[in-house]
Amino acid sequence: MIAIIAPMKKSELFILVIALFLLPSFGYSQIDESKLGAWYMYFFSANFKDGPWGVQGDVQYRTWNGGNDMEQLMLRGGLTLSPKKPDVKFTLGYANIQTGAYGESDATTPESRIYQEALIPHQVSRRFYLTHRFRYEQRFVQGQDFRTRYRYNLFMNVPINNKSLIKNTVYLALYNELFINGERGIGDGRSVQIFDRNRFYTALGYVINPKLKVQLGMMRQTTDSWAKTQAQISLHHNF
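Summary of the structure given here. Everything numeric in this text was worked out from a predicted model, so none of it was measured. (Residues numbered from 1 in each chain as written. Predicted model: local features only at pLDDT ≥ 70, side-chain atom pairs only at ≥ 80, totals over all residues. Heavy atoms only, no water.)

### As for the nonpolar core
This is how it is decided: To qualify as a nonpolar core, a set must consist of buried Ala, Val, Leu, Ile, Met, Phe, Trp, Tyr and Cys residues joined through side-chain atoms within 4.5 Å. Burial classes follow relative accessibility: with a 1.4 Å probe on protein chains only, a residue under 20% of its type's maximum area counts as buried, one over 50% as exposed, and anything between as partly exposed. Every helix listed is a DSSP run of H or I at least four residues long, and every strand listed is a run of E at least two residues long, numbered separately from the N terminus.
Counting 11 residues, the largest nonpolar core consists of V88, A118, I120, V124, L130, F134, Y152, L154, M156, V158 and L174. Put simply, the parts of the chain that give this core at least two residues each are β5 (108-124), β6 (128-141) and β7 (147-159). Considering each element in turn, this core owes the most residues, four residues, to β7. Among the nonpolar cores identified, the runner-up in size contains nine residues, and W39, Y171, Y201 and V207 belong to it.

Structural data, given as structure tokens:
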């Protein structure tokens, strides 16, 4: 399911940003929340010549402790469509995920995921580059019933030493993403909350060239049972 919103007034957009960035933490569990995790990520996108079609995806290795305690290995990619009007990019994609258990256990849980998303850029003044991402996921997790999930992410990039994201620009990167479960029952009498998780991220980025950027930052992830901070390093590559 893909939704497109009408352009927002600046005051409405400001209120939305503040509300997303101030979402509270929820609950705790046996995961050591004081231990810093780390995510290592590569994002890519490319268009087929000058047409509207293209591809995009990412490879992510996530750890609970910054070392060899794997949280997730994710391989994701999809076919994109970018019509000239309106200014939006649609994606139909697939992800393969291996989720590791916290601690000494080497057990992993496989998941296959189909997703649809819409990326809608939205610029405020000359220096605030925002993107709305709406994503709908169909999840096939081993040992669980079929599940769905709704996600909304608001990204914001703010150039620091230039007025736009040109070569050699240092920029502030922020995002907040909210996850909502589509179903509560996951099989065998088990259930999950409607709220799945929230992620707040802040980083410094550097534009190596118009097709390559790097970011180094911190992300605070809050689920219905624990909250944890992860360092992130990501490479963003447009072919």
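### Concerning the packing of aromatic side chains
How we decide: Any pair of Phe, Tyr and Trp rings, taking the six-membered ring for Trp, is counted once the centres come within 6.5 Å. Such a pair is stacked with planes under 30 degrees apart, edge-to-face with planes over 60 apart, and tilted for the rest. Any Lys NZ or Arg CZ that is within 6 Å of a ring centre and within 35 degrees of that ring's normal is treated as a charge sitting over the ring.
In the structure shown here, the tally under the stated rule is eight aromatic pairs. With centroids separated by 5.2 Å and ring planes inclined at 50°, the aromatic side chains of F140 and F146 adopt a geometry described as tilted. Judged by relative accessible area, which is 43%, F140 ranks as partly exposed. Grouped by ring-pair contacts, the aromatic residues W64, Y102 and W226 constitute a single cluster. One cation-aromatic arrangement involves R135 over Y115; the distance from NZ or CZ to the ring centre is 4.9 Å.

### Considering a nonpolar patch on the surface
Selection criterion: Any residue with relative accessible area above 30% and no salt bridge may belong to a patch, with like charges joined within 9 Å and the nonpolar Val, Leu, Ile, Met, Phe, Trp and Tyr side chains within 5 Å. The accessible surface values rely on the Shrake-Rupley method and a 1.4 Å probe; as for residues, cover is taken only from the protein chains in view. The term salt bridge refers to a pairing of a side-chain nitrogen on Lys or Arg with a carboxyl oxygen on Asp or Glu at a separation within 4 Å.
Together, L92, Y94, I114, F140 and F146 make up a nonpolar patch on the protein surface, roughly 480 Å² of accessible area in all. As for its placement among the helices and strands, L92 is situated in strand β4 (residues 89-100).

### A closer look at the side chain of R113
This is how the line gets drawn: What qualifies as a polar contact is a pair of N or O atoms within 3.5 Å, subject to a donor-acceptor requirement within protein and to the restriction that residues adjacent in sequence count only when both atoms come from side chains. Any two residues having at least one pair of non-hydrogen atoms within 4.5 Å are treated as being in contact.
For R113, the position within the fold is in strand β5. Here R113 falls in the buried class, since its relative accessible area comes to 3%. A polar atom in the side chain of R113 sits 2.9 Å from the side chain of E111. Of the polar contacts made by the side chain of R113, one reaches the side chain of E137; its length is 3.3 Å. Setting aside residues up to four positions removed in sequence, R113 forms contacts with M74, R76, G93, Y94, A95, I97, E137, Q138, R139, R149 and R151.

Function cannot be inferred from these measures alone, as they are strictly geometric.
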